[in-house]
Amino acid sequence: MSSALTDLFPYPIVQAPMAGGVSVPTLAAAVSEAGGLGFLAAGYKTADGLYQEIKQLRSLTARPFGANLFMPQPEYADPAAVDVYAHQLAGEAAWYETELGDPESGRDDGYEAKLAVLLDNPVPVVSFHFGVPSPDVLESLRRAGTFTLVTATTAEEALAVERAGADAVIAQGVEAGGHQGTHRDIPETDGSGIGLLSLIAQVRETVAIPIVAAGGIMRGSQIAAVLAAGASAAQLGTAFLATPESGASAVHKQALTNPLFVRTELTRAFSGRPARGLVNRFLREHGPYAPAAYPEIHHLTSPLRKAAAKAGDAQGMALWAGQGFRMARELPAGQLVEVLAAELGAARTALSRGGAL
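Residues numbered from 1 in each chain as written. Predicted model: local features only at pLDDT ≥ 70, side-chain atom pairs only at ≥ 80, totals over all residues. Heavy atoms only, no water.

*Asks:* Describe the overall build of the protein, and please don't skip the residues or the numbers.
*Replies:* Across its full length, the protein holds 14 helices and 11 strands. A compact globule built from 357 residues should have a C-alpha radius of gyration of about 21 Å, and the protein, at 19 Å, falls within 12% of that. With the C-alpha coordinates aligned to their principal axes, the bounding extent of the protein is approximately 60 × 45 × 40 Å. Taken across its 357 residues, the protein has 55% of its residues classed as buried. Here the protein has roughly 14300 Å² of accessible surface; of this, 53% comes from carbon and sulfur atoms. Side-chain charges in the protein split into 26 positive and 35 negative, and the spacing between the mean points of these groups amounts to 7 Å. (Helix = DSSP H or I, 4+ residues; strand = E, 2+ residues; numbered from the N terminus. Rg over C-alpha atoms; globule rule 2.2 N^0.38 Å. Buried < 20%, exposed > 50% of the residue type's maximum accessible area, 1.4 Å probe, protein only. Areas by Shrake-Rupley, 256 points an atom, 1.4 Å probe, with all protein chains shown as cover. Lys, Arg positive; Asp, Glu negative; His and termini not counted. Charge placed at Lys NZ, Arg CZ, Asp CG, Glu CD.)

*Asks:* So what's going on with the packing of helix 1 (residues 25-34) against helix 2 (residues 47-60)? Residues and values would help.
*Replies:* At a closest axis distance of 9 Å, the pairing of helix 1 and helix 2 adopts a crossing angle of 40 degrees. As helix 1 packs across helix 2, the resulting crossing turns out to be right-handed. Between helix 1, through Pro25, Thr26, Ala28, Ala29 and Glu33, and helix 2, the contact on the second element is made entirely by Glu53, Gln56, Leu57 and Leu60. Partitioning the contact of helix 1 with helix 2 into residue classes produces five nonpolar, two polar and two charged. (Axes fitted to C-alpha atoms, helices over the stretch in contact; angles between N-to-C directions. Left-handed = near helix turned anticlockwise from the far one by under 90°. Contact = heavy atoms within 4.5 Å. Nonpolar A, V, L, I, M, F, W, Y, C, P; charged D, E, K, R; others polar.)

*Asks:* Could you give an account of the pattern of salt bridges, naming the residues involved and the relevant values?
*Replies:* Across all of its chains, the model carries 13 salt bridges by this definition. Of the charged contacts, one joins Glu139 and Arg142 as a salt bridge, the two residues approaching to 2.9 Å between their closest N and O atoms. Of the two residues, Glu139 and Arg142 both sit in helix 6 (residues 135-143), three residues apart, roughly one turn of that helix. The network of salt bridges with common partners includes Glu139, Arg142, Arg143 and Asp167. (Salt bridge = Lys/Arg side-chain N within 4 Å of Asp/Glu carboxyl O.)

*Asks:* Summarise the sheet that holds strand 10 (residues 264-267); cite the residues concerned and give the values.
*Replies:* Strand pairs in the sheet, formed through backbone hydrogen bonds, run parallel or antiparallel to each other. Strand order in the open sheet made by the three strands is 7-11-10, with antiparallel pairing throughout. Because the sheet does not close on itself, it has two edges, and the strands there are strand 7 (178-179) and strand 10. (Pairing = 2+ DSSP bridges.)

*Asks:* Break down the environment of Glu157 for me, citing the residues and quoting the values.
*Replies:* Within the secondary structure layout, Glu157 lies in helix 7 (residues 155-164). A C-alpha to C-alpha distance of 31 Å links Glu157 and Asn280, two positions 123 residues apart in sequence.

*Asks:* Before we move on, could you go through the sheet that holds strand 9 (residues 233-236) and cite the residues and values that matter?
*Replies:* Pairing in this open sheet of eight strands is parallel, and the strands run 1-9-8-6-5-4-3-2 from one edge to the other. Here the strands that pair on one side only, and so sit at the sheet edges, are strand 1 (13-15) and strand 2 (38-41). In this sheet, adjacent strand axes meet at a mean angle of 25 degrees when their direction is disregarded. In the sheet, strand 4 (residues 125-129) pairs with strand 5 (residues 147-152) via four bridges, with the strands oriented parallel. Residue Ser127 lies in a different strand from strand 5, and its bridge partner there is Leu149. Here helix 5 (residues 111-120) sits on the sheet and contacts strand 3 (65-70) and strand 4; the angle it forms with strand 3, its principal contact strand, is near 160 degrees.

*Asks:* Describe the packing of aromatic side chains, naming the residues involved and giving the relevant values.
*Replies:* As enumerated under the stated definition, the model contains five aromatic pairs in all. Centre to centre, the rings of Phe270 and Phe282 are 4.8 Å apart; their planes meet at 20 degrees, and the pair counts as stacked. Of this pair, Phe270 sits in the loop between strand 10 and strand 11 (275-278) while Phe282 is found in helix 12 (residues 281-286), placing the two residues 12 residues apart along the sequence. Residue class for Phe270 comes out buried when judged on its relative accessible area of 2%. Ring centres 5.7 Å apart and planes at 85 degrees place the aromatic pair Phe270 and Trp320 in the edge-to-face group. In this pair, Phe270 sits in the loop between strand 10 and strand 11 while Trp320 sits in the loop between helix 13 (296-311) and helix 14 (333-352), placing the two residues 50 residues apart along the sequence. Following the ring pairs from residue to residue traces out a cluster consisting of Tyr44, Phe70, Phe130 and Tyr294. (Phe/Tyr/Trp six-rings, centres within 6.5 Å; stacked < 30°, edge-to-face > 60°.)

Structure (structure tokens):
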């Protein structure tokens, strides 16, 4: 198995790129400085915004880091279904005293412009979500000296990643917070996601490229488990959500320990694509009726989510979180990396002595 990725950082700990303002340069820098791999999330940013964040991150650390891109989405949404959902959300708009967003605000998330930034100003690692980039794109990044990863949620998707020429695959289990990185959004498969350990085993038997495991990982013992299962590193998102360096709102961070929120659920309510978040009023009331329409629904609900956040109303926000959210620790990001590494070391020692994780 290639060590080109794990040679970049001392600990097999990758901070997940969380879009929407969570994975800010200060968070990525703290993780990288502590020996993990920090990540910027280019999703929902402009190309210039990405460039400025890379510039800021480089001023904070000389260690390797990554940037994540969303793949452009095909046009398959039913406009009539989007209109029906918009009518359903009219009451929300009135309640938050805002207008609904324009569902036709763009489909490609500025992909080509952001890719150009990453080719003109190469970063050590680039990952992709919601699909597989073309072999030409992956080869261009490789020539620029960039290591590439692509998310997969099934063994079949992992095979497509390998065939396209990516350097490694991110095996994302159904436990993961935020959006599932499925290559095609097929409503008929909702609820059929694969647990992380089963997914790692299936991917390990399907592809030869390295695996980064993602989904519900909150402790060093879990990192040890996925490494033992065949992964080269673990990607953690929710674990870093509550850190002071995280760009998540105070309301979002507090919700992780708020007893009002007892579980997570995959929902299309906020974006039109399956994403895991804390179950709140908005998710309960609108999730069952949200159509498969990404990014149309994302654009439609964006003003509602912003208004709810401004009002400090957790019941109207997209509170993305993985299944292990209750295990979140309010530690500085660098300290959290050190704690995770210590837990990993202890777990490996216990395993070598025949003990339990």
